[in-house]
Amino acid sequence: MKDIFDECQFGELKLNSRIVRTGTWETETEDGGFLSPAAYDKYEKIASSGVGLIISEMFVLDHKDRFAPYSANLNYVGFVKEYKMITDICHNYDIPILGQLAFFYYDDGDNQKAEPNDLKIEGIRKLQAEVIMAAKKFSFAGFDGMQIDVGNNFYLTRFINPYFNQRKDQYGGSTENRVRIVSEIIKVIKKTMPDFHVSIRINPWDVRKDGMTAEESLKVAKELELAGADSIQLTARTISYLYDGREKNPFLVYVDNLIDEIDIPVILGGSLRDMKSMNDVLNHSNVEFMSMSKPFVAQADFLTEWKANGEGVSICQSCNNCYSKKTSTCFKY
Ligand SMILES: Cc1cc2nc3c(=O)[nH]c(=O)nc-3n(C[C@H](O)[C@H](O)[C@H](O)COP(=O)(O)O)c2cc1C
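Residues numbered from 1 in each chain as written. Predicted model: local features only at pLDDT ≥ 70, side-chain atom pairs only at ≥ 80, totals over all residues. Heavy atoms only, no water.

A.B. asks: Requested: an account of the packing of aromatic side chains, with residues and values cited.
C.D. replies: Scanning all chains against the criterion turns up 27 aromatic pairs. Taking the centre distance of 5.2 Å and the plane angle of 80° together, the rings of Phe59 and Phe138 count as edge-to-face. A residue pair is termed long-range when its members are at least 10 positions apart, and Phe59 in strand E4 (residues 53-60) and Phe138 in helix H3 (residues 121-140) qualify at 79 residues. With relative accessibility at 0%, the residue Phe59 sits in the buried group. With a centroid separation of 6.5 Å and 80° between ring planes, the pair formed by Tyr76 and Phe79 is classed as edge-to-face. Here Phe79 falls in the buried class, since its relative accessible area comes to 2%. Taken together, Trp25, Phe67, Tyr70, Phe104, Tyr105, Phe154 and Tyr323 form an aromatic cluster joined through their ring pairs. (Phe/Tyr/Trp six-rings, centres within 6.5 Å; stacked < 30°, edge-to-face > 60°. Helix = DSSP H or I, 4+ residues; strand = E, 2+ residues; numbered from the N terminus. Buried < 20%, exposed > 50% of the residue type's maximum accessible area, 1.4 Å probe, protein only.)

Next up, the structure:
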């Protein structure tokens, strides 16, 4: 029987449980963008509670990004010093932590909002170099790896999606070509930093006509694995898929197929709120790793109680008010 608190391997990383605190912007900064004491406190509570892996809040590439007011920035003067303290807190509890990079716009030097079809080869190389530099910066600050967000509707998500990408060069057309911009980044990071975990967050599908289908996203995941990605995380904010004991939700069918198709770990998450259903999913599917975000916003150390009691339900009501506000604060609790 699998249990959410099993010790397990996640690629090269050893985890103390199957639970991932997934990317959640904190905006716990004070004047000048420095982290507030509350940020350290939050990470200490999460890391000491029974989580297996932490993925940081999203970091944007530059301060003009659409999500910059909500998220962290790799280029502020205190980044390495402050985040070294955050990663040290996690490592004190033997919890690995990945830094998440997600950007909505890309400024290629000529155009602040250059869409995937607009980028010249020089722009592609500039973008790739900036993401590789981000990996180095995360590594300097003690992160065990990084997660590149190629899910939701972020820039690279649009780049790999046939709905947005009509390029006629080697970065458009086939799945291999559309994913190439990310594959090349992964190859360079893994070649130069082999122990640095590279995780990619992807969408299982989207609803656009001629967009990303489930079949196509399986091919994307295979391309990413081939390039050297160490894990895949699915983003499914609006899909609730709790196992009801009768029939599997299409999303769970998709996840089982994905896990059959690739040999790297896959993280599943979205709307998971109680330990019993999570263990049910673990024991009725191929799933091995599960992520949660809002439950940690509602109560950073709730896993301590779950672990002690062998059961538990998050107090999070999934109202999503923490998401639509500038700070990721739970307004109910
Ligand atoms: C306040 C808030 C901030 C979030 N920030 C990020 C983020 O920085 N990066 C990311 O990939 N997803 C982010 N998400 C999405 C979550 O990672 C997650 O996919 C979503 O909340 C669904 O999971 P949950 O039901 O466990 O909350 C955020 C969600 C919330 C509510």
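From this point on, the discussion continues.
A.B. asks: Just give me the short version of the pattern of salt bridges, but keep the residues and values in it.
C.D. replies: Under the definition given, this model contains 17 salt bridges. Among the salt bridges present, the one from Asp107 reaches Lys64, with a minimum N-O distance of 3.3 Å. Residue Asp107 is found in the loop between strand E6 (97-101) and H3, and its partner Lys64 is found in the loop between E4 and strand E5 (72-73); the two are separated by 43 residues along the sequence. Note that Arg125 and Glu184 form a salt bridge whose closest N and O atoms lie 3.5 Å from each other. Remark: Glu184 occurs in helix H5 (residues 175-192) and Arg125 occurs in helix H3; sequence separation between them is 59 residues. Of the residues examined, Arg125 reaches a relative accessible area of 39% and is grouped as partly exposed. A single network of salt bridges, built from pairs that share partners, joins Asp6, Arg18 and Glu288. (Salt bridge = Lys/Arg side-chain N within 4 Å of Asp/Glu carboxyl O.)

A.B. asks: So, the nonpolar core: which residues are in play, and what are the values?
C.D. replies: A general trend in soluble globular proteins is that nonpolar side chains are found buried together. Counting 87 residues, the largest nonpolar core has Tyr83, Leu101, Leu127, Met146, Ile200, Leu224 and Ile232 as its most contacted members. Ranked by the residues each element gives to this core, the list is headed by H3, at seven residues. Beyond its immediate sequence surroundings of up to four residues, Leu101 is in contact with Phe59, Val60, Leu61, Leu74, Val131, Ala134, Phe138, Met146, Gln147, Ile148 and Asp149. Judged by nonpolar contacts, the second largest core, of ten residues, contains Cys8, Phe10, Leu13 and Leu15. (Core = buried A, V, L, I, M, F, W, Y, C linked by side-chain atoms within 4.5 Å. Contact = heavy atoms within 4.5 Å.)

A.B. asks: Residue-level account of the site of the ligand, with values.
C.D. replies: Around the ligand, a shell composed of 18 residues is seen, among which Gly23, Gln100, Arg201, Ser271 and Ser293 lie nearest. Within the backbone of Gly23, one N or O atom sits 2.8 Å away from an oxygen atom of the ligand. Within the backbone of Ser271, an N or O atom sits 2.8 Å from an oxygen atom of the ligand. Contact with the protein chains removes 97% of the 600 Å² of surface that the ligand exposes when unbound. Counting residues per element, the ones that place at least two in the shell around the ligand are helix H9 (294-298) and helix H11 (321-324). Grouping the amino acids of the shell around the ligand by side-chain chemistry returns six nonpolar, eight polar and four charged. (Near = heavy atom within 4 Å. Polar contact = N/O pair within 3.5 Å; in protein donor to acceptor, adjacent residues only side chain to side chain. Areas by Shrake-Rupley, 256 points an atom, 1.4 Å probe, with all protein chains shown as cover. Nonpolar A, V, L, I, M, F, W, Y, C, P; charged D, E, K, R; others polar.)

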